[in-house]
Amino acid sequence: MIEINNLHKKFGKNQVLSGVNLTIKKGGIYAVLGPNGSGKTTLIKSVLGMIIPNKGTIEVLGENIKNKSVYRNEINYLPQIATFPGNLKVKELIKMIRDLRQKACGEQLLIELFSLEPFLEKKLSTLSGGTKQKVNIVLTFMFDSPIIILDEPTTGLDPGSLIRLKKLIQKEKQNGKTILITSHIMQFVEEVSDEIIYLLEGEIYFKGTKEELQNNTMQTNFEHAIAEITTYRTDV
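Values in this document were obtained by computation on a predicted structure and should not be read as measured data.

Enquirer: I tried to follow the sheet that holds strand 10 (residues 203–209) on my own but got confused; where do I start?
Expert: Strand pairing in a sheet takes place through backbone hydrogen bonds and is either antiparallel or parallel in direction. A sheet is described by the order of its strands in space; here six strands give the open sequence 6-7-8-3-9-10, paired in mixed fashion. Of all the strands in the sheet, the pair left with one neighbour each is strand 6 (75–78) and strand 10. With strand direction ignored, the average angle separating the axes of adjacent strands in the sheet is 15°. Relative to strand 8 (residues 178–182), strand 7 (residues 147–151) runs parallel, the two sharing five bridges. By the bridge assignment for strand 8, Asp 151 is matched with Thr 182.

Enquirer: Can you help me understand the pattern of salt bridges in this one?
Expert: Side chains bearing opposite charge may pair, as long as their charged atoms lie close to each other. Tallying each qualifying case throughout the model produces eleven salt bridges. Across the pair Asp 99 and Lys 95 runs a salt bridge, and its minimum N-O distance is 2.8 Å. Here Asp 99 and its partner Lys 95 are both found in helix 2 (residues 90–101), four residues apart, which amounts to about one turn of the helix. You can call Asp 99 partly exposed: its relative accessible area is 39%. For the salt bridge of Lys 166 with Glu 191, the shortest nitrogen-to-oxygen distance reads 2.5 Å.

Enquirer: In this structure, what is going on with the environment of Ile 24? I would like to understand it.
Expert: Relative to the helices and strands, Ile 24 is located in strand 2 (residues 14–24). Note on Ile 24: relative accessible area 1%, which makes it buried. Along the chain, Ile 24 and Pro 35 lie eleven residues apart, while their C-alpha atoms are 21 Å from each other. In this structure Ile 24 touches Met 1, Ile 2, Tyr 30, Thr 178, Leu 180 and Ile 197, once residues within four positions along its chain are discounted.

Enquirer: Would you mind going over the nonpolar core with me for this structure?
Expert: As a rule of thumb, nonpolar side chains are buried together in soluble globular proteins. Of all hydrophobic cores here, the largest spans 31 residues; its most connected members are Val 135, Phe 141 and Ile 169. For this core, the secondary structure elements donating two or more residues are helix 2, helix 3 (107–113), helix 4 (129–141), strand 7, helix 5 (159–174), strand 8 and helix 6 (186–192). Discounting residues that sit within four places of it in the chain, Ile 169 has contacts with Ile 29, Phe 141, Leu 150, Ile 179, Ile 181 and Phe 188.

Enquirer: What am I meant to see in unusual backbone geometry here?
Expert: Glycine aside, the phi torsion of most residues is negative, and most peptide linkages are trans. Its identity as a non-glycine residue notwithstanding, Asn 67 has a phi of 60°, on the positive side. Its place among the elements puts Asn 67 in the loop between strand 5 (63–64) and strand 6. In this model, Glu 201 sits at a positive phi of 50°, which is unusual for a non-glycine residue. Among the structural elements, Glu 201 can be located in the loop between strand 9 (195–200) and strand 10.

Analysis parameters
Residues numbered from 1 in each chain as written. Predicted model: local features only at pLDDT ≥ 70, side-chain atom pairs only at ≥ 80, totals over all residues. Heavy atoms only, no water. Pairing = 2+ DSSP bridges. Helix = DSSP H or I, 4+ residues; strand = E, 2+ residues; numbered from the N terminus. Axes fitted to C-alpha atoms, helices over the stretch in contact; angles between N-to-C directions. Salt bridge = Lys/Arg side-chain N within 4 Å of Asp/Glu carboxyl O. Buried < 20%, exposed > 50% of the residue type's maximum accessible area, 1.4 Å probe, protein only. Contact = heavy atoms within 4.5 Å. Core = buried A, V, L, I, M, F, W, Y, C linked by side-chain atoms within 4.5 Å.

Written out as C-alpha cells, the structure is:
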C-alpha cells in the first residue's frame, strides 16, 4: 500500500529524516508516534507530496510518487490545523471540496452523525474550534479512498463526537481502508490502533503491535510503554 525506502530529508543543517524504511500494508490502523521534532509531520507530508525528500523513494499503491500528483486522489487527509475561508458558509465549503475532488461522496450521513445541520448556513469564521474540527472530519471521510491520513484528529472534540469518530475509524478499517494516525492522546491511540510506528531523531525506533511494544518495554500499561520505548531499541 505504502512503501518507503531510504528516505532522507534535511532542512538547512537539520537532518529530519535519516534513511527511513517503512512498509504499510493494506488495511489496518497505524499510529505514527514520536516526540516533537522526531520527523512525524515530515514523513506524512512526504507521502502526501507536500515535502520533497532529498533522497529515497516513496511508492503509493505500487507506483513511485516522484513528480506525480494523481495518486493523491486516493488519499483522504485531515490536517492538524484546518484553515478555512472565513467568509464561506459550511455548506458552501463542502460543495466546493466536493466539486474539486469530483468523486462520489457521502457527506449527508456524516453531517447527521456529527450534528452539523444547524451550522450549514453559518459562516466558518463564526464556528468554535470543535465545530470546525467536525467540519474537517466530514471533509475527510466523505470520499471513498483506500488511504486515510489523520493528523491529530481528536483536537477540540467533545466526548460524544470523539466516540463517534472512533466508531467511524473502525468502520473504515472494516471496509479495508489503510489508516495512518498521529496523536498525542495515548488513550485514543491505544483504543484504535493496530500497529505503532515510533520515530525518534528521524529514524524508526520501533514498529510493531501494541502487545509487542509492551513486551519489549516490560510494561503492562500502554502509556508507560510509550514513555519507556527509547530504552529498548528493536530491529524494524
